[in-house]
Amino acid sequence: TLQKAKLDAMHAWAITLEGAGGPGALGPRLGQQSAVGSPQFEKFEAGQNYYLRTGEKIESLASNTPNREYESFTRNTLRLIGAAIGMPYEFMVMDFSTGSYASQRMALLQTHKRLRSYQMWLTRRFLQRVWNWQIAKAIKSGKLAQAPADPTGVSEWYKVDWIYPEFGWADPHREAQKALLEYRMGTNTFSMMAKERGRDPEELLSEKGRDIAKAHAIAQDVNKETGLALTWKDFIEGGGAPGTAATNNGAVEGERRISAPLENE
């Protein structure tokens, strides 16, 4: 490829004479003399035309690389590189325009697996050491109290729960359905799902609790003004008529759950 660019920039051409015995038969040109049997080179300024003699023909010396096979050759090379480092070709070139949904999903899963291994390596190799250093330093200086001990009496000052950034998916709706099914089957927990989305479980529950409390207070104010029977579920979940809340299976709950105390909801 570099040689082609170089030759194209030089505009190199070869002039041959049909039926001639060799380059020397071309004769001198532009006042330049050369030994018989040696190649003759001539230089023309940009924009000039050169008219061939009778029997002469011209042929470009530019390389035919890259040719029609260059794209497939490059693609296969990148696939080999991706396989060596565990990264799909689609992610390396950021091209998801080809392939089926299943193949794209497999590419994303493989990418997620590889990136998560890098994140775990970074955490264990560097971040955990920084944590141990800072926490030990703070406990030693008195800025932090002594950490609790495990049942065997060993201090747990070095323990920390690392939460990695969320990894986006090609079909968030399908992933949400999968998470809900795993949660109902008991194969996944709320804490695990929150961490997979880059959130702290306790912070997420606290935020959700505050949202419910605000929605409950607003529902009571609106009910006093309008005479409706709204609950916090109409603001948080929605999906039904005022005073009713959609259940997980899509049905609409009636007055039985609406009239129940908030703490039983």
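Since we're looking at a predicted model, the values are computed, not measured. (Residues numbered from 1 in each chain as written. Predicted model: local features only at pLDDT ≥ 70, side-chain atom pairs only at ≥ 80, totals over all residues. Heavy atoms only, no water.)

1. Thoughts on the overall build of the chain
Our working definition: Here a strand is any run of E in DSSP of at least two residues, a helix any run of H or I of at least four, and the numbering for each starts at the N terminus. Only protein chains enter the accessibility calculation, which uses a 1.4 Å probe; a residue whose area is less than 20% of its type maximum is buried, one above 50% is exposed, and one in between is partly exposed. In what follows, a contact means two residues having at least one pair of non-hydrogen atoms within 4.5 Å.
What the chain contains, in helices and strands, is nine helices and two strands. In sequence order, the chain lays out its α and β elements as α-β-β-α-α-α-α-α-α-α-α. The proportion of buried residues among the 265 residues of the chain is 18%. Excluding contacts between residues fewer than 6 apart, the proportion of contacts in the chain whose partners are at least 24 apart in sequence is 47%.

2. Looking at the packing of aromatic side chains
As a reminder of what qualifies: In this analysis, rings of Phe, Tyr and Trp, with Trp reduced to its six-membered ring, are considered paired at centre separations within 6.5 Å, and the interplanar angle assigns stacked below 30 degrees, edge-to-face beyond 60, and tilted for intermediate values. In this scheme, Lys NZ or Arg CZ marks a charge over a ring once it lies within 6 Å of the ring centre and within 35 degrees of the ring normal.
Across all of its chains, the model carries two aromatic pairs by this definition. Ring centres 5.6 Å apart and planes at 80° place the aromatic pair Trp121 and Phe126 in the edge-to-face group. Here Trp121 falls in the exposed class, since its relative accessible area comes to 52%. Taking relative accessible area as the criterion, Phe126 reaches 39% and is therefore assigned partly exposed. For the pair Trp157 and Tyr158, a centre-to-centre distance of 6.1 Å together with 85° between the ring planes defines the contact as edge-to-face. Residue classification places Trp157 among the partly exposed residues on the basis of a relative accessible area of 29%. Tyr158 gets classed as partly exposed once you look at its relative accessible area, which sits at 36%. Of note, Arg79 hangs over the ring of Tyr89, and the distance from its end group to the ring centre comes to 4.4 Å. Above the face of the Phe126 ring, Arg125 is positioned so that its terminal group lies 5.2 Å from the ring centre.

3. Considerations on helix α7 (residues 201–226)
Residues that lie three or four places apart on an α-helix share one face, since the helix turns once every 3.6 residues. Using the following cut-off: In a helix, the anticipated span is given by 1.5 Å times the number of residues less one. Here a polar contact is recorded for every N or O atom pair within 3.5 Å, except that within protein the pair must consist of a potential hydrogen donor and a potential acceptor, and residues adjacent in sequence are included only if both atoms are side-chain atoms.
With 26 residues, α7 ought to run about 38 Å at 1.5 Å a step, and its terminal C-alpha atoms sit 37 Å apart, in line with that. The complete set of buried residues in α7 reads Pro201, Ile212, Ala215, Ala219 and Asn223. Considering only its buried residues, α7 is in contact with α6 (190–196) and α8 (232–236). Between the side-chain oxygen at the start of α7 and the backbone nitrogen of Glu202 there is a gap of 3.2 Å, and the oxygen is on Asp200. Two residues or fewer after α7 comes Gly227, characterised by a positive phi angle close to 80°.

4. Description of the environment of Ala149
Turning to its location among the elements, Ala149 is positioned in the loop between α4 (101–141) and α5 (172–185). Among residues more than four places away in sequence, those in contact with Ala149 are Val154, Ser155 and Glu156.

5. Here's the deal with the pattern of salt bridges
Here is the rule: Between Lys or Arg on one side and Asp or Glu on the other, a salt bridge is scored when a side-chain nitrogen of the former is within 4 Å of a carboxyl oxygen of the latter.
With the rule as written, the count across this model stands at five salt bridges. Of the charged contacts, one joins Asp161 and Lys195 as a salt bridge, the two residues approaching to 2.5 Å between their closest N and O atoms. Placement of the pair is Asp161 in the loop between α4 and α5 and Lys195 in helix α6, with a sequence separation of 34 residues. Glu207 is the partner of Arg199 in a salt bridge, and the nearest nitrogen-oxygen pair spans 2.9 Å. When its relative accessible area of 29% is taken as the criterion, Arg199 is described as partly exposed.

6. Topic: the confidence of the model for the chain
Filter applied, for reference: Note on scores: pLDDT gives the predictor's confidence for each residue, bounded by 0 and 100.
Confidence in the prediction of the chain, expressed as mean pLDDT, is 76, and 66% of residues score 70 or more. Contacts of residues 245–265 to residues separated by more than four positions or lying in other chains number 28 contacts, the stretch itself having pLDDT below 50.

7. Points about a nonpolar patch on the surface
Defined as follows: The patches reported here contain residues having more than 30% relative accessible area and no salt bridge. Joining distances are 9 Å for like charges and 5 Å for nonpolar side chains (Val, Leu, Ile, Met, Phe, Trp, Tyr). Only the protein chains shown count as cover for residues, and the accessible areas themselves come from Shrake-Rupley with a 1.4 Å probe.
Taken together, the side chains of Ile81, Ile85, Met92, Val93 and Tyr118 present a nonpolar region at the surface, about 390 Å² in accessible area. Of all elements in the fold, only α2 (70–85) and α3 (89–93) reach the threshold of two or more residues within the nonpolar patch. The exposure class assigned to Ile81 is partly exposed, which follows from its relative accessible area of 40%.

8. What about α5?
Here α5 spans 20 Å end to end across 14 residues, near enough to the 20 Å set by a 1.5 Å rise per residue. The positive-phi residue at the C-terminal boundary of α5 is Gly186, with phi of around 85°.

9. Some words on unusual backbone geometry
Positive phi, normally seen in glycine, also occurs at Met94, with a value near 55°. With respect to the element layout, Met94 can be found in the loop between α3 and α4. Residue Met94 is classed as exposed on the basis of its relative accessible area of 56%.

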